Amino acid sequence: MSQQRKRSMENPKAKRRKLSHSSEESLRGTFEDGDSSRSTSDASLSAGQTNGHSPSEGKRLTCSKLARNGHVTNMRHSSASKLSSQQLMAANTAGGSSMMTLQINDLLGEIRPDHDKLMSGLEETLRRLQRIILHLPDVAPMTAPEAEKLLSKEAGVCVPFPNPRPGRDTKYTLEYKRPARVDVVGSLPLQLGIKSKDICTADLAITLPDSILQEKDFLNHRYFHKRAYYIAQVAAGIQRHAKKEFNFSFEHQDGITLKPSLMIEPNDSSPPGFTKSKLRVRIICAISADVFPGNKTLPTKCCLRMSDSTSPTQYYNACLRSEATTELYHRLLERTSTYCEAFRDVCCLGRLWLRQRGFGGSVARGGFGPFEWSIVCALLLQSGGSNGRPALSPRYSCLQLFKAILQFLAAKDLTDPLLLNGATCEIPKSDSPVLFDGAGQINLLFKMTCWSYQLLRQEARATIEAFSSKAVDIFESIFVKRLDQDLLRYDQCLFLEARAFLQGHHEQENAQEGLRMLHGVLSRALGNRARLVHLRYDSSLKWSIDKSLKQGTKVDKRIETGLLLDPDHVDRLVDHGPSAEDKAAAAGFREFWGDKAELRRFKDGSITESLVWSEESSVTRQVTSYILQRHFEIPSSAINFLGDQVEHVVPAPNRPLSRMAAFKVVNDAFQTLTTQLRQLEGLPLSIRSILPASSQLRYASDFTPLTSTPLHPIDIIIEFEGSARWPDSLPAIQRTKIAFLIKLGDLLSASDSTITTCVGLENTTGPASSYSNTSFLDIYFPSPQPRLPQPIPFRLRIHHDRTLTLLQKALSSSSTSTPNRTALTSTLQSTTRHYLSTPTHTTTVSRLCTLHPSLPRTIHLLKLWTASHHLTHSLPEEILEIFAARPYVHPYPYISAPASPQTAFLRILSFVANWDWTAEPLIVDLNAFSNPHHTNPSEIEGGGGLTREAMAKAQTRFTAWRQQLDPALNNVVWFVATNLDPTGVVWTQGARPPRVVAARFTALARASIELVRSRHGGLEMQADDWRGLFISPLMDFDFVIHLKKKVVGSGDAETAVAAAAAAAGSGGGGGAAATKFKNLQIDRYSSRYDADDVDGDDEVMRKKELCLDAIALFRQDLQRCLGDGVLFFYGAQGSRLVPALWNPKVLPLPLPATTTDNGKRRRGQQWRVRMAYSTIPVLNAATTGGGRGGGMGQGPEGEGEVEVEGLINQRGILAEIALLGVGLVERIEVLKDLVR
């Protein structure tokens, strides 16, 4: 136990200091403005971060994380917060809970502020304020108008009366007398605060004397009027004595308009200690616990009797009662901290957990903040269990208490009132939570609404489930990541102009009642389309003390609404209402929906009231716009929708089919083709399986199938049954495959005359030609859509399971030469990737797209963003699809999987921006999709899902790659393990992507998500801002190749491809020759030629030209000619830009003629004959002597030796690129100066 903790236990009362005229004790404490409603700036925290594997598995303790503006960056541990290796080993031995305990202990050490430094300048200010308040003169009783007029005239202070203001006929009087007590309350004396970038607040509670209050003052706002006058007198008195030292303003306490408070902030003339402390003082009011009888202010009582209404005034009563519990609950927290050792720690954790999720003590932030968390914990430590026993044990550790409180919040439905501490009153059940404390006679959750309580329960439930999930490390998700950004948290957001809705009512009661009406209407209208409708409206204000509330606040506010949608029902076009036979229900339905409701007969014979929505726009938008106009007369112009802007700013091309319709056509054609192939007779072997292996068959291509230019062949894999007749040689297997394909093509064409087939060759050159697959069968399937005259191209390849065994055997042979060994390794990787991993990946992603309707659009959005930044051909598309699937299968720390593509897209960017791929693997369980609404990975141990053991092995493999196999990240940059690929390198091995591309991908994601955050969390994003996410900066590149528009156009497929083919042909020596000589056509396309069927061969040529991608061939030629010397970036089909970078490692740029420490000149690349790239030999004078070498010569007489350096011939290489791209390249733009 620390020395500080020991001193706390020995002297409990040191944690609370009473500021009275006789007190001479110094103040000690720390705090955070957890209860303030005006906390707008982003918070920061330091958190210890570890991963969940033992040192024997290569596990190391990672550095702590700093969450700033929702951003996670690395920072070093202080020596005091480091965990020793013995502690780490003990934690791993004990299990995950012990590891979490160590992480929490490390976190608590990071987030606790320096008490002495924090309080160094505050004590003097509090003492001065205390002396001023205690020596203010009394003011005689007078009527409200007289008191207000006199105070304004003498002190220039306007009384902050809440509405309704006291009238001229008010009979009670207002007066000021010396306060009974002046105490520092809240988290300051109790040391319950954490570090924060926000301006923190010290609460100074002034207890009103009982003599100025009357027995009936709890009725009709009388107490709150007297309270407002009292706080105004205090403001006038402090201003009279210290006007130049402080800035004064009024502010609603916790967003409660009935309770204005006095804010005192430092200025340039303030004491230096107060200014440096970054603190402000909030003066609030309190009353004695027995000044008003508790039974008069119960939630079932009516205390507003200005009309004939006798409805209970729960909110008003609780606001009044909260003034009488200030000292009671402060003593409760003080007492609890003495007998429960972990109490202060769990309060700090609770503050952090709530802050990261946007909860606070103010009404606008949900009404559940650090104070409510602490009180709930304290009450459960003394009551709440069976037979009046405590629900929690004071011997619980900090982690146990934290879990127990979350479990209580998640499992206990407090809309069914829970009574503690012997409360006996009967409170009816409602949609608002009730946690009634008999000691304080108050509902502790009175500031919460039904929607904020639903959100709190869901967040608590998600965290509890995360603790029991299989995730290796959930610490960061629970305590570090910021989750209060609406565009990432909700599927759709909409804003209403507050004036249009509230119609000028500023009273908190009226605003709250109006919001409850709005929530009820929206919830009923959306039905099961929305799983949560959350409202947020900040009615609290801040204004100068010399102005009235209306004069000091001229700020337009808005009502923010967040929707969590149900993907299964959100796009439903027809809503079925009650049956026509149920007259009462049908009448209520028509009353609610008005002219939109109509009576319809359906196919099953039922006649019901119904609603029909258009499919041209978002159904959610149609529903909300109509219902708000009908019930609240809010026009559409006053409603701002957010949730699909990013899809709208990217113009969609005019296609004959929509994306999903095109995918359906392709999948239906694949199923038909599969059936026809299985029905073929005459094959030497039976077909074992036909597997999809194309992004077009998993709803994931970055282009629209059948409508893009050029057409993209759809890859499929066929596997025949095993047979001893297969050869046992890799070259012989490839020739056998060709024979199979020829036979298969002949049988298929004979069975259906509308199908055209041809055999193609690939991988016929290079050292791997003897090992790789060398043939495929192109099948041109007739399109079933009359609007799509072009055929559907399938590309079929044969997989023989013996191939992998032979490749591994040849690779392990000692007689294999080094070049062949390199070729074999590359072939083994590509074979495993294409024939084993791709089909299973296609099947899994296709199933996920069926389960989550928004996933295909999310994949398209991510690939479109990647293409707009010219990274498509540098990043494996399977990895992008895993990125896109991650928010759906692992939604935590968010409540549920996204139902909106925009929400999923922003979550992906947020993850990529914060993912440190050099030190952290990505582990995704693609089988964790059994429940689309589940918040955490599935716990299924079978069915192909990742188990904890599999995750641990993946972590071990990652450690091996980083520490032993590839520490320089030249081969594996991203380690992405899934249940389909536990090795983590199937898609990324071979520098896929290269390190420079991975770094740019991360930097672009970070810049994109920072742009969203800078626009008020995305809530103020305009169309240009969304469009800017898809505009790539080119200043980082060395040069850009501009392609001709006619060869990359997206118009008619045949016309565009013909133009591209003609351009490519002219660059190679004339396009006419390519069509004049039949043998050149055969050689060019590697197609099967039948001299007896010239017309059929022409048809084959025409269809193959549909799939000719001249730009792809051009890029392949560039890469083959320049190798790794130049790194080209290219986006999706249709992009006219090919940015490029010179590779300084392969093509070193000239070094400046600098000198090293020993005075010798640093040499550049020495020139030699037959260098791998175009160079310019340059003679440079040598500064040192030495013998002659390959690059040294004798200079002119008297000048000594010279060094011959080989400079990169950049201009020559650019000229070669232009020559190679004749007909394709429009111009080459040089962005950075060339060397020569």
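Residues numbered from 1 in each chain as written. Predicted model: local features only at pLDDT ≥ 70, side-chain atom pairs only at ≥ 80, totals over all residues. Heavy atoms only, no water.

### Concerning the packing of helix 21 (residues 583-593) against helix 22 (residues 619-632)
Two measures define how a pair of helices packs: the angle their axes make with one another and the distance between the axes.
Part 1: Packing of helix 21 against helix 22 brings their axes to within 9 Å, and their N-to-C directions diverge by 90 degrees. One way to sum up the angle between helix 21 and helix 22 is to call them roughly perpendicular. Contact residues: helix 21 offers Arg590, Glu591, Phe592 and Trp593, while helix 22 offers Val623, Tyr626, Ile627, Arg630 and His631.
Part 2: When grouped by side-chain class, the residues that make up the contact of helix 21 with helix 22 number 5 nonpolar, 1 polar and 3 charged. (Axes fitted to C-alpha atoms, helices over the stretch in contact; angles between N-to-C directions. Helix = DSSP H or I, 4+ residues; strand = E, 2+ residues; numbered from the N terminus. Parallel < 35°, antiparallel > 145°, perpendicular 65-115°, else oblique. Contact = heavy atoms within 4.5 Å. Nonpolar A, V, L, I, M, F, W, Y, C, P; charged D, E, K, R; others polar.)

### Concerning the confidence of the model for the protein
Part 1: Looking at the protein as a whole, the pLDDT averages 81, with 80% of positions reaching at least 70.
Part 2: pLDDT under 50 marks residues 504-508. Its contacts with residues more than four places away, or in other chains, come to 11 contacts.
Part 3: This stretch, residues 1182-1192, has a pLDDT under 50; its non-local contacts, to residues over four places away or in other chains, come to 22 contacts. (pLDDT = per-residue confidence, 0-100.)

### Describing the environment of threonine 978
Part 1: Along the chain, threonine 978 falls in strand 28 (residues 976-978).
Part 2: Given the relative accessible area of 2%, threonine 978 is considered buried.
Part 3: Sequence separation between threonine 978 and glycine 945 is 33 residues; the distance between their C-alpha atoms is 8.8 Å.
Part 4: Here leucine 980 takes part through its backbone nitrogen, which lies 3.1 Å from a polar atom of the side chain of threonine 978.
Part 5: One polar contact links the side chain of threonine 978 to the main-chain amide nitrogen of aspartate 981, over a distance of 3.0 Å. (Buried < 20%, exposed > 50% of the residue type's maximum accessible area, 1.4 Å probe, protein only. Polar contact = N/O pair within 3.5 Å; in protein donor to acceptor, adjacent residues only side chain to side chain.)

### Focus on the sheet that holds strand 21 (residues 639-642)
Part 1: Spatially, 4 strands are ordered 15-17-14-21 in an open sheet, and the strand pairing comes out antiparallel. One side of each edge strand has no neighbouring strand; the edge strands of this open sheet are strand 15 (530-536) and strand 21. Across the sheet, the mean angle from the axis of one strand to that of its neighbour is 20 degrees, orientation sign disregarded.
Part 2: Together, strand 15 and strand 17 (558-565) form the strand contacts of helix 15 (residues 450-467), whose direction differs from that of strand 15 by roughly 120 degrees.
Part 3: Against the sheet, helix 22 engages strand 14 (492-497), strand 17 and strand 21, with an angle of about 165 degrees to strand 21. (Pairing = 2+ DSSP bridges.)

### Comments concerning the sheet that holds strand 11 (residues 418-420)
Part 1: The 3 strands are arranged 11-12-13 in an open sheet whose pairing can be described as mixed. Two strands close off the open sheet at either side, each with one partner strand: strand 11 and strand 13 (442-443).
Part 2: Note: strand 12 (residues 435-437) against strand 13, 2 bridges, orientation antiparallel. When the bridges of strand 13 are listed, phenylalanine 436 appears paired with asparagine 443.

### Some words on the packing of aromatic side chains
Part 1: Summed over all chains, the structure comprises 36 aromatic pairs.
Part 2: Consider the rings of tyrosine 223 and phenylalanine 224, whose centres lie 5.3 Å apart with planes at 70 degrees: the pair is edge-to-face.
Part 3: Taking the relative accessible area as the measure of exposure, phenylalanine 224 reaches 0% and is therefore buried.
Part 4: Three or more aromatic residues joined by ring pairs form one cluster here, namely Trp865, Phe883, Phe905, Phe911, Trp915, Trp974, Phe1001 and Phe1030.
Part 5: Of note, arginine 558 hangs over the ring of phenylalanine 495, and the distance from its end group to the ring centre comes to 4.2 Å.
Part 6: A cation sits over an aromatic face here: arginine 886 above phenylalanine 911, 4.0 Å from the ring centre. (Phe/Tyr/Trp six-rings, centres within 6.5 Å; stacked < 30°, edge-to-face > 60°. Lys NZ or Arg CZ within 6 Å of the ring centre and 35° of its normal.)

### Considering a positive patch on the surface
Part 1: Positive charge collects at one region of the surface, where Lys117, Lys195, Lys197 and Lys278 lie side by side.
Part 2: Topologically, lysine 195 is positioned in the loop between helix 7 (187-190) and strand 7 (200-207).
Part 3: The class for lysine 195 is partly exposed, based on a relative accessible area of 37%. (Patch = residues over 30% accessible without salt bridge, like charges linked within 9 Å, V, L, I, M, F, W, Y side chains within 5 Å. Areas by Shrake-Rupley, 256 points an atom, 1.4 Å probe, with all protein chains shown as cover. Salt bridge = Lys/Arg side-chain N within 4 Å of Asp/Glu carboxyl O. Lys, Arg positive; Asp, Glu negative; His and termini not counted. Charge placed at Lys NZ, Arg CZ, Asp CG, Glu CD.)

### With respect to the nonpolar core
Part 1: Grouped together as the largest cluster of nonpolar side chains are 207 residues, with contacts concentrated most on Leu262, Ile283, Phe883 and Trp974.
Part 2: With 12 residues, helix 8 (residues 222-242) is the single largest residue contributor to this core.
Part 3: Residues in contact with tryptophan 974, not counting those within four places in the same chain, are Leu875, Ile879, Phe883, Trp915, Trp917, Arg962, Gly984, Thr988, Pro993, Ala998 and Phe1001.
Part 4: Core analysis: the next-biggest nonpolar cluster, separate from the first, contains 44 residues, Ile716, Leu730, Leu744 and Ile755 among them. (Core = buried A, V, L, I, M, F, W, Y, C linked by side-chain atoms within 4.5 Å.)

### Comments concerning the pattern of salt bridges
Part 1: Under the defined criterion, the tally for this structure stands at 49 salt bridges.
Part 2: Across the pair glutamate 323 and arginine 227 runs a salt bridge, and its minimum N-O distance is 2.7 Å. Linking glutamate 323 in helix 10 (residues 314-323) with arginine 227 in helix 8, this pair joins segments that are 96 residues apart in sequence.
Part 3: For arginine 227, a relative accessible area of 0% puts it in the buried group.

### Description of the packing of helix 14 (residues 398-411) against helix 15
Part 1: Relative orientation of the contacting elements helix 14 and helix 15 amounts to 135 degrees, with a least axis distance of 8 Å. Our classification of the angle between helix 14 and helix 15 gives oblique. In this structure, helix 14 meets helix 15 at a crossing whose hand is left-handed. Here Leu399, Phe402, Lys403, Leu406, Gln407, Leu409, Ala410 and Ala411 of helix 14 come into contact with helix 15, specifically with Tyr453, Leu456, Arg457, Ala460, Arg461, Thr463, Ile464 and Phe467. (Left-handed = near helix turned anticlockwise from the far one by under 90°.)

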